[in-house]
Amino acid sequence: MIGYFAPDGLEETLRDELLNVNSQYGRLFLADGPLQKSYWAQNIWLDPQVIAFQSISDAAEKLRSLQKLWVHYPTNLHRRGQLIQQQLPYFLPKPFLFPSKIPIAPLGSFTLIDEHTLLASPHCSSPFAHGEIVFQESKIPPSRAYLKLWEIFTRIGRFPKEGDRCLEIGSSPGSWTWVLQQLGAEVLAVDRAPLDPAIACLPGVAVQQRDAFSIQPEELAGIDWILSDVVCYPEKLLAWIRKCLDAGVSAQWICTIKFQGPIDRAVIDEFAKIEGSQLVHLYHNKHELTLFVN
């Protein structure tokens, strides 16, 4: 049995992706069998177990015997769960400062099934509470979209370095361009809409106002990173990426796949077939997935 934790508001999306679901506790779905490939799970409870307990202190003692750090996911009996949490080692996550390395200490998750029964997983896929990477934010970028880029860079453990050449398509108003420029990269920002003037004037930023998908593979020589948060149908983005890869373009890719209606599982599978690809739903994503290709 494995537990899959849904992003807020995407419970049905995750439920439709999973097989053999036997129970649900709020945003947490328990499914029989081995670990399933899930694009929409924000966190995965890898070894959930049902634990009977007699008292608050007994519950805390049994959790401590399994592992040190725990986070409570409240589905019912909220106060009782809080009292158990208070008897566990102190855990209060602070806003994450970018760029920093992901915490290495394992973090368990638990919820209450009833007054005397815990559902607890000592090991989870994310070292962040409920898979939520909460950053110490900046007021400089023109939109909060930059948090998606911070998150994917944090998750993959790499990002452009000084002197790297980056192409961002669909760059307006410029939040991703700002992230790349702050990391020391040279950025070519392409969009039919103008970039925010405060971003466009930054050193190392060049701007082209044109249709992003008019860029041809031969224009990408020497580009180290190709990035896209453009609003378009997934099929259009997929076709352009394939054209570039088939032409031998060598770069690292980070692209947001935005769904403007029902989730198209077939097109997700096509993105997943790209060699070296990873597909994830970020905490800062909405009705979308993020693609990384190394």
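Each remark here, short or long, concerns the structure printed above.
What you see is a predicted model; the values in this text were computed from it and never measured.

Caption draft 1: Highlighting the pattern of salt bridges. Enumeration according to the criterion identifies 12 salt bridges in this entry. The shortest N-O distance in the salt bridge between E137 and R144 comes to 2.6 Å. On the basis of relative accessible area, E137 is assigned to the partly exposed category, the value being 41%. Take R144: its relative accessible area is 52%, and that puts it in the exposed class. Among the ionic pairs, E288 bridges to K148, the shortest N-O distance being 3.1 Å. Linking E288 in strand 15 (residues 288-293) with K148 in helix 4 (residues 146-156), this pair joins segments that are 140 residues apart in sequence. Each of the two residues, E288 as well as K148, counts as buried. When salt bridges with common partners are traced through the structure, they connect K148, D229, K258 and E288 into a single cluster.

Caption draft 2: Main features of the layout of surface pockets. In this structure, the largest pocket occupies an estimated 380 Å³ of space. If you trace the largest pocket, you find 22 residues lining it, with A41, S125, R155, L279 and V280 closest to the centre. Elements represented by at least two residues in the lining of the largest pocket include exactly strand 4 (43-45), helix 4 and strand 14 (277-280). It is strand 14 that provides the largest number of residues to the lining of the largest pocket, a total of four residues. Of the residues assigned to the lining of the largest pocket, the class counts are 10 nonpolar, nine polar and three charged. Its volume calculated, the second largest pocket comes out at about 330 Å³. Taken together, 17 residues make up the lining of the second largest pocket; nearest its centre are F91, P93, K94, F128 and A129. Grouping the constituent residues of the lining of the second largest pocket by class yields 15 nonpolar, no polar and two charged.

Caption draft 3: Just the packing of helix 7 (residues 234-246) against helix 8 (residues 265-272), in detail. One can describe the packing of helix 7 onto helix 8 by two numbers: an axis separation of 11 Å at closest approach and a directional angle of 20 degrees. Between helix 7 and helix 8, the crossing angle belongs to the class labelled roughly parallel. Taken as a pair, helix 7 and helix 8 cross one another with a handedness that is left-handed. Note on element contacts: helix 8 touches helix 7 through V267, E270 and F271, opposite P234, E235, L237, L238, I241 and R242. Across the contact of helix 7 with helix 8, the residue classes break down as six nonpolar, no polar and three charged.

Caption draft 4: Here's a closer look at the pairing of strand 8 (residues 117-121). Most of strand 8 is tucked away, with five of its five residues classed as buried. Going residue by residue along strand 8, you find T117, L119 and S121 tucked away on one face and L118 and A120 tucked away on the opposite face as well. Across four bridges, the pairing between strand 5 (residues 49-52) and strand 8 is antiparallel. Among the inter-strand pairings, I51 is bridged to a residue of strand 8, identified as L118. In the sheet, strand 7 (residues 108-114) pairs with strand 8 via five bridges, with the strands oriented antiparallel. Opposite T111, over in strand 8, you have L119 as the bridge partner. Linking strand 7 to strand 8, which pair antiparallel, is a turn of two residues.

Caption draft 5: Local environment of the sheet that holds strand 2 (residues 21-25). Pairing is antiparallel in the open sheet, where four strands are placed in the order 2-3-1-4. Strands at the two margins of the open sheet, each flanked by one partner only, are strand 2 and strand 4. Strand-to-strand twist across the sheet, computed as the mean angle between neighbouring axes with direction ignored, equals 25 degrees. In this structure, strand 1 (residues 2-5) lies alongside strand 3 (residues 28-31), joined through four bridges in antiparallel fashion. The residue bridging Y4 from the neighbouring strand is F29, located in strand 3.

Caption draft 6: Structural view of the nonpolar core. Within the largest apolar cluster, 42 residues are counted, with the highest numbers of intra-cluster contacts made by L167, I226, W240, I241, W253 and F271. Of all the secondary-structure elements, those providing two or more residues to this core are strand 1, strand 3, strand 9 (165-169), helix 7, strand 13 (252-258), helix 8 and strand 15. Counting residues per element, this core draws most heavily on helix 7, which supplies five residues. What L167 contacts, discounting residues up to four positions off in sequence, is L188, V190, I215, L220, I223, W225, I226, L227 and W240.

The rules behind these values
- Residues numbered from 1 in each chain as written.
- Predicted model: local features only at pLDDT ≥ 70, side-chain atom pairs only at ≥ 80, totals over all residues.
- Heavy atoms only, no water.
- Salt bridge = Lys/Arg side-chain N within 4 Å of Asp/Glu carboxyl O.
- Buried < 20%, exposed > 50% of the residue type's maximum accessible area, 1.4 Å probe, protein only.
- Helix = DSSP H or I, 4+ residues; strand = E, 2+ residues; numbered from the N terminus.
- 1 Å grid on protein atoms, 1.4 Å probe; cavity = no way out; pocket = protein on both sides within 12 Å on 5 of 7 lines; lining within 4 Å.
- Points joined across faces, edges and corners; volume = space filled by probe spheres on them.
- Nonpolar A, V, L, I, M, F, W, Y, C, P; charged D, E, K, R; others polar.
- Axes fitted to C-alpha atoms, helices over the stretch in contact; angles between N-to-C directions.
- Parallel < 35°, antiparallel > 145°, perpendicular 65-115°, else oblique.
- Left-handed = near helix turned anticlockwise from the far one by under 90°.
- Contact = heavy atoms within 4.5 Å.
- Pairing = 2+ DSSP bridges.
- Core = buried A, V, L, I, M, F, W, Y, C linked by side-chain atoms within 4.5 Å.

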